[in-house]
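Residues per chain are reported as follows:
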There are 2 protein chains.
Amino acid sequence: MGGPLRGIRVLDATGVIVGPTATLLLAEQGADVIKVEPPEGDLMRRLGGRAPAGAAGLSPKFLHFNRNKRSIVLDLKTEAGKDVMRRLAGTADVFISNMRAKALASLGLDAASMAALNPRLIHCTISGFASGGPYDGAPAYDTIIQGLSGVSACFQQQTGEPRFAPFVLTDHIVGIIAAQAICAALVGRGADGPGQAIEVPMFENAAAFVLSEHLGQRTFGPGGAFGDPRIMTPDARPLATLDGYICVSANTDAQARGFFDAIGRPELKEDPRFRSVAARLENVADYFRLRAEAMAARTTAEWLPLLRRHDVPAMPCHTLDSLLDDPQLRGSGTLVEEDARLNEEDAMLGLRHANRYSRSGSAPPRLAPRLDEHAEEILRELGYDAAQRAGLRQDAGVLS
Amino acid sequence: MGGPLRGIRVLDATGVIVGPTATLLLAEQGADVIKVEPPEGDLMRRLGGRAPAGAAGLSPKFLHFNRNKRSIVLDLKTEAGKDVMRRLAGTADVFISNMRAKALASLGLDAASMAALNPRLIHCTISGFASGGPYDGAPAYDTIIQGLSGVSACFQQQTGEPRFAPFVLTDHIVGIIAAQAICAALVGRGADGPGQAIEVPMFENAAAFVLSEHLGQRTFGPGGAFGDPRIMTPDARPLATLDGYICVSANTDAQARGFFDAIGRPELKEDPRFRSVAARLENVADYFRLRAEAMAARTTAEWLPLLRRHDVPAMPCHTLDSLLDDPQLRGSGTLVEEDARLNEEDAMLGLRHANRYSRSGSAPPRLAPRLDEHAEEILRELGYDAAQRAGLRQDAGVLS
């Protein structure tokens with residue numbers, strides 16, 4: 001047990017969201033993730049919302065993206081800080097950062113320098129834009145990448161107005177992609193092969209995400225239309241009931257027939273507009289409008305068993321409030337009341353890795369670290385004696 | 001070269017989006033992905049948009065999610081089909097499906113039966129809901145999971161109305177998560193360890209995605225507010241210029257000051273509402289409104305160099321049309337004109353894996369397969385002789 005990545009060490013010089021998303025997955029899967037922070041800490045410690053009393057630097061967003069990691073502060077502008085970093089690199093399987101190439105090189109953390117220290121190292125850089133292209137080195141933030149990669153354009157297709165998704169969407173997705181690429185490289189390295197450098201560019205990954213779904217007929221030439229019409233139609237939405245919203249999926253012929261029975265309109269089963277998948281696709285606006293009108297007549301709790309009885313897939317559309325009470329989410333242990341407390345007043349909700357591994361299990365849960373929390377134990381593991389550790393407090397910016 | 005997963009064989013019994021997303025990543029990284037399709041083929045061959053003349057079953061969405069895979073048709077309702085499947089399982093490193101537990105067991109494809117055939121196998125099931133919970137076995141479609149997991153609720157927080165994202169968002173994200181979990185399990189298996197079963201539930205993964213971003217102050221008790229206000233404010237959006245939209249990110253003090261200079265309002269640098277990160281967060285609605293008003297005065301092409309000169313991160317907000325001409329997307333080789341043609345009339349745009357691997361490279365690009373395209377070669381590799389292969393055409397539903 002302990003997770004499929006038990007025994008893998010990850011040296012994590014990332015901050016904010018995209019990098020911490022990648023290393024969160026690795027940490028939940030049992031990797032020993034050492035979060036190397038600058039003296040002021042990961043920005044997300046402060047930008048991620050108000051921290052509770054007595055827990056400075058533990059903003060809610062920081063807590064949820066940094067579970068199961070260890071923290072050490074190293075001032076990489078100092079020689080002593082760089083020296084600890086090099087010793088850590090010698091013991092690691094993976095190094096990950098989202099610094100730009102110039103900054104990496106100036107710190108001696110570029111792929112070539114680190115491969116010289118540790119030829120087995122997987123060196124992963126999350127960049128804004130693939131190196132060598134015209135935007136190489138330009139600053140990349142999630143909203144800029146959403147706008148540039150076509151995420152906002154898809155909202156524009158849907159509603160007429162470009163928008164951002166209500167998530168740090170491209171950071172969050174590209175972080176998962178980086179964790180996947182790192183593990184693929186670990187597979188390729190095998191038990192005794194050499195490591196390699198990986199570049200994971202945010203823009204190109206986000207654009208491929210968007211275009212794989214919506215290149216559509218445009219794939220075959222400039223005359224073709226973009227987009228999946230079933231997704232882009234503004235009528236594809238959660239449906240208002242008497243007291244909330246419901247999501248209904250009635251796409252096969254059997255489901256559509258069941259739906260017409262459930263709403264007491266069995267005559268529509270023979271309506272030529274709705275009699276086949278092709279007909280309903282042709283008349284998707286009519287079909288979706290009819291669904292919306294029907295749902296308004298009853299409460300969500302009335303509809304759910306009625307639709308289920310006719311084998312029509314349906315679930316409530318949760319608010320964030322009602323999601324917290326969802327019996328499946330609580331029952332599966334994905335959302336939990338933490339036993340650990342940050343202070344004497346506040347209880348705390350925590351999240352857990354959602355996947356299950358029959359043999360290895362996942363890593364035992366551990367709260368996100370306070371700044372520099374594990375400096376002493378990490379330095380001890382590296383072989384620094386007590387006097388050296390005390391010296392590093394000054395020279396390398398280690399705080400503890 | 002050939003990709004970090006070269007030498008790994010994946011037996012892929014998935015269809016539509018979530019599973020094919022997972023195996024696309026593995027295939028681009030060099031795994032030999034064998035797509036086992038029912039006689040009618042993956043639903044997405046028809047539901048993914050109109051296929052060009054002479055290329056039945058190659059809808060655009062199918063093409064973009066199934067590059068670099070091989071296809072064989074097996075009718076798993078026949079004994080001969082099951083027999084080929086069992087022989088394939090003996091040669092594979094990974095088996096992945098999104099069938100429900102009962103269907104898997106009835107086909108003899110459950111984890112225990114397959115581990116008996118091949119103890120090294122990683123057996124991955126993408127489920128709608130974690131097994132054992134109250135929704136276990138309920139039908140899961142992307143829109144139902146978006147509504148249930150809080151994706152729609154985040155739109156409701158942002159604009160007052162629950163919506164779906166203009167993507168098969170949870171399918172697409174959970175597919176990437178499944179590829180990551182599979183590779184982590186391959187790392188854990190190592191050169192000679194046993195395999196294991198993985199379950200990747202859509203709902204729980206999607207809800208964790210949402211809540212890690214937006215649990216917010218609610219993490220610390222029922223009195224706290226959900227959500228990251230900088231994301232949820234309706235004013236966080238691409239900004240209209242004279243001729244299009246632009247995305248501007250001016251969050252640090254230096255960027256904010258540069259922005260005020262760029263728009264010719266240097267006096268705002270001393271405005272107490274905007275003088276620090278904390279002040280701008282407090283007055284985020286004012287700050288975002290001011291940005292929106294300023295941008296309307298010039299064209300996007302005028303603003304970009306002006307903002308760059310003041311070190312303010314900014315990029316155009318692309319339409320899907322203008323995205324196709326983006327020099328970075330084309331220059332990096334993520335979006336390409338395919339050399340291969342599906343017929344004599346239509347040229348074709350293709351996508352490529354966005355990540356770069358210094359030592360292993362990626363898999364050489366190959367178009368998505370026609371239905372059953374690789375049956376003969378796969379059966380030959382399994383050791384079936386010509387007479388047996390001819391027999392299988394009838395008995396196992398193999399079409400070629």
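Residues numbered from 1 in each chain as written. Chains lettered and ligands numbered in written order. Predicted model: local features only at pLDDT ≥ 70, side-chain atom pairs only at ≥ 80, totals over all residues. Heavy atoms only, no water.

An unreviewed UniProt entry annotates chain A as CoA transferase of Teichococcus aerophilus.

Draft legend 1. Representation of the overall build of chain A within the structure. Across its full length, chain A holds 19 helices and 12 strands. Seen along its three principal axes, the alpha-carbon backbone of chain A occupies a region of about 85 × 55 × 40 Å. Looking at chain A residue by residue over its 400 residues, the buried ones come to 61%. Considering only residue pairs separated by 6 or more positions, chain A has 68% of its internal contacts joining residues 24 or more positions apart. Carbon and sulfur atoms make up 52% of the accessible area of chain A, which totals about 14800 Å². Between the averaged position of the 43 positive side-chain charges in chain A and that of its 48 negative side-chain charges there is a distance of 2 Å. (Helix = DSSP H or I, 4+ residues; strand = E, 2+ residues; numbered from the N terminus. Buried < 20%, exposed > 50% of the residue type's maximum accessible area, 1.4 Å probe, protein only. Contact = heavy atoms within 4.5 Å. Areas by Shrake-Rupley, 256 points an atom, 1.4 Å probe, with all protein chains shown as cover. Lys, Arg positive; Asp, Glu negative; His and termini not counted. Charge placed at Lys NZ, Arg CZ, Asp CG, Glu CD.)

Draft legend 2. Spatial organisation of the sheet that holds strand β7 (residues 239-240) of chain B. Residues and elements named next belong to chain B. Strand order in the open sheet formed by 3 strands is β7-β8-β9, with antiparallel pairing between adjacent strands. The open sheet has two free edges, formed respectively by β7 and β9 (314-316), since each of these has just one partner strand. Pairing between strand β8 (residues 245-248) and β9: 3 bridges, direction antiparallel. Within β9, the position partnered with Cys-247 by the bridge is Met-315. (Pairing = 2+ DSSP bridges.)

Draft legend 3. Local environment of the relation of the copies chain B and chain A. Here chain B sits on chain A after a turn of 180 degrees about the axis and a move of 0.0 Å along it, with an RMSD of 0.0 Å. Both copies of the chain, as the preceding transformation shows, are related through a two-fold rotation axis. Within chain B, the C-alpha atom positioned nearest to the axis of rotation is that of Gln-180 of chain B, 2.1 Å from it. When the interface residues of chain B are mapped onto chain A, 100% of them again lie at the interface, so the same face is used by both copies. (Least-squares fit on C-alpha atoms with pLDDT ≥ 70 in both.)

Draft legend 4. Region of the structure containing the sheet that holds strand β12 (residues 356-357) of chain B. Strands sit in the order β3(A)-β2(A)-β1(A)-β4(A)-β5(A)-β6(A)-β12(B) across an open sheet of 7 strands; the sheet is mixed. The sheet is open, and its two edges are formed by β3 (69-73) of chain A together with β12 of chain B, each paired on a single side. In the sheet, strand β1 (residues 9-12) of chain A pairs with strand β2 (residues 32-37) of chain A via 4 bridges, with the strands oriented parallel. Residue pairing for β2 of chain A: Asp-12 of chain A is matched across the bridge by Lys-35 of chain A. Seen against the sheet, helix α10 (residues 202-214) of chain A touches β5 (122-127) and β6 (196-201) of chain A and runs at an angle of roughly 60 degrees to β6 of chain A. (Axes fitted to C-alpha atoms, helices over the stretch in contact; angles between N-to-C directions.)

Draft legend 5. Quick look at the interface of chain B and chain A. The partner chain A presents 132 residues to the 132 residues of chain B that form the contact. Here chain B packs against chain A, burying approximately 11600 Å² in sum over the two surfaces, 66% of which is carbon and sulfur. Ranking the residues of chain B by area buried against chain A places Phe-220, Leu-320 and Gln-328 of chain B at the top, with a combined share of 7%. Applying the counting criterion to the chain B and chain A interface returns 7 salt bridges. In this structure, the salt-bridge partner of Glu-199 of chain A is Arg-356 of chain B, at a minimum N-O distance of 4.0 Å. Scanning the region where chain B abuts chain A turns up 52 residue pairs in polar contact (both at pLDDT 80 or more). It is helix α9 (residues 169-189) of chain B that provides the largest number of residues to the side of chain B that touches chain A, a total of 14 residues. A per-class count over the side of chain B that touches chain A returns 81 nonpolar, 35 polar and 16 charged. The pairing of β6 of chain A with β12 of chain B spans 2 bridges and is antiparallel. Each bridged residue has a counterpart across the sheet, and for Ile-198 of chain A the counterpart in β12 of chain B is Tyr-357 of chain B. (Buried area = accessible area lost by both parts, 1.4 Å probe. Salt bridge = Lys/Arg side-chain N within 4 Å of Asp/Glu carboxyl O. Polar contact = N/O pair within 3.5 Å; in protein donor to acceptor, adjacent residues only side chain to side chain. Nonpolar A, V, L, I, M, F, W, Y, C, P; charged D, E, K, R; others polar.)

Draft legend 6. Up close: the packing of aromatic side chains. With the rule as written, the count across this model stands at 19 aromatic pairs over all chains. Ring centres 6.3 Å apart and planes at 55 degrees place the aromatic pair Tyr-135 of chain A and Phe-203 of chain A in the tilted group. One end of the pair, Tyr-135 of chain A, is in the loop between β5 and α7 (142-149); the other, Phe-203 of chain A, is in helix α10, and 68 residues separate them in sequence. You can call Tyr-135 of chain A buried: its relative accessible area is 15%. Overall, the relative accessible area of 0% leaves Phe-203 of chain A in the buried class. Note on Phe-259 of chain B and Phe-260 of chain B: the rings are 6.2 Å apart at their centroids and 65 degrees apart in plane angle, and the pair reads as edge-to-face. Here Phe-259 of chain B and Phe-260 of chain B have matching classes, each one buried. (Phe/Tyr/Trp six-rings, centres within 6.5 Å; stacked < 30°, edge-to-face > 60°.)

Draft legend 7. Quick look at the pairing of strand β8 (residues 245-248) of chain A. With 2 bridges joining them, strand β7 (residues 239-240) of chain A and β8 of chain A adopt antiparallel strand pairing. Following the sheet pairing, Ala-240 of chain A is matched in β8 of chain A by Tyr-245 of chain A.

Draft legend 8. Structural view of the domain arrangement of chain A. Along its sequence, chain A is organised into domain 1 (9-211 + 330-395) and domain 2 (239-316). Distance from the C-alpha centre of domain 1 of chain A to the C-alpha centre of domain 2 of chain A: 44 Å. (Domains from an automatic or database assignment.)

Draft legend 9. Highlighting the pattern of salt bridges. Inspection of the entire model under this criterion finds 47 salt bridges over all chains. The partner of Glu-79 of chain A in a salt bridge is Lys-82 of chain A, with the nearest N and O atoms 3.6 Å apart. On the criterion of helical spacing, the pair formed by Glu-79 of chain A and Lys-82 of chain A is a turn pair, its members being 3 residues apart in helix α4 (residues 79-91). Residue Asp-321 of chain A pairs with Arg-218 of chain B through a salt bridge whose shortest N-O separation is 2.7 Å. Placement of Asp-321 of chain A in helix α16 (residues 320-324) and of Arg-218 of chain B in the loop between α10 (202-214) and α11 (229-232) is noted, with the two residues assigned to different chains.

Draft legend 10. Spotlight on the packing of α10 of chain A against α9 of chain B. Direction vectors running N to C along α10 of chain A and α9 of chain B enclose 130 degrees, while the axes themselves pass 12 Å from each other. On the basis of their axis angle, the class for α10 of chain A and α9 of chain B is oblique. The way α10 of chain A lies across α9 of chain B gives a crossing that is right-handed. Across from Phe-209, Ser-212 and Glu-213 of chain A in α10 of chain A, the residues of α9 of chain B making contact are Leu-169, His-172, Ile-173 and Ile-176 of chain B. For the contact of α10 of chain A with α9 of chain B, a count of residues per class yields 4 nonpolar, 2 polar and 1 charged. (Parallel < 35°, antiparallel > 145°, perpendicular 65-115°, else oblique. Left-handed = near helix turned anticlockwise from the far one by under 90°.)

Draft legend 11. Up close: the side chain of Asn-68 of chain A. All names here are of chain A. Position of Asn-68 relative to the elements: it lies in the loop between α3 (60-65) and β3. Within the structure, Asn-68 has its side chain in polar contact with the backbone oxygen of Pro-364 (distance 3.0 Å). Here Arg-366 takes part through its backbone nitrogen, which lies 2.9 Å from a polar atom of the side chain of Asn-68. Look past the residues within four positions of Asn-68 in its chain and what remains in contact with it is Ala-27, Ala-363, Pro-364, Pro-365, Arg-366 and Leu-367.

Draft legend 12. Quick look at the state of the cysteines. Evaluation of the coordinates by the stated rule reveals 0 disulfides over all chains. No disulfide involves Cys-124 of chain A; its sulfur sits 11 Å from the nearest other cysteine sulfur, which is in Cys-183 of chain A. (Disulfide = S-S within 2.5 Å.)

Draft legend 13. Region of interest: unusual backbone geometry. All names here are of chain A. Unusually for a residue other than glycine, Val-16 sits at a positive phi of about 65 degrees. Mapping Val-16 onto the fold places it in the loop between β1 and α1 (18-28). Positive phi, normally seen in glycine, also occurs at Asp-311, with a value near 55 degrees. Checked against the element boundaries, Asp-311 lands in the loop between α15 (300-309) and β9 (314-316). The exposure class of Asp-311 is exposed, given its relative accessible area of 64%.

Draft legend 14. Region of interest: the environment of Ala-115 of chain A. By the element assignment, Ala-115 of chain A lies in helix α6 (residues 111-117). Here the alpha-carbon distance between Ala-115 of chain A and Gly-90 of chain A, two residues 25 residues apart in the chain, equals 9.3 Å.

Draft legend 15. Fine view of a nonpolar patch on the surface. The grouping of Val-16, Leu-43 and Leu-47 of chain A together with Val-277 of chain B at the surface amounts to a nonpolar patch, some 290 Å² of accessible area in total. For Val-16 of chain A, a relative accessible area of 30% puts it in the partly exposed group. (Patch = residues over 30% accessible without salt bridge, like charges linked within 9 Å, V, L, I, M, F, W, Y side chains within 5 Å.)

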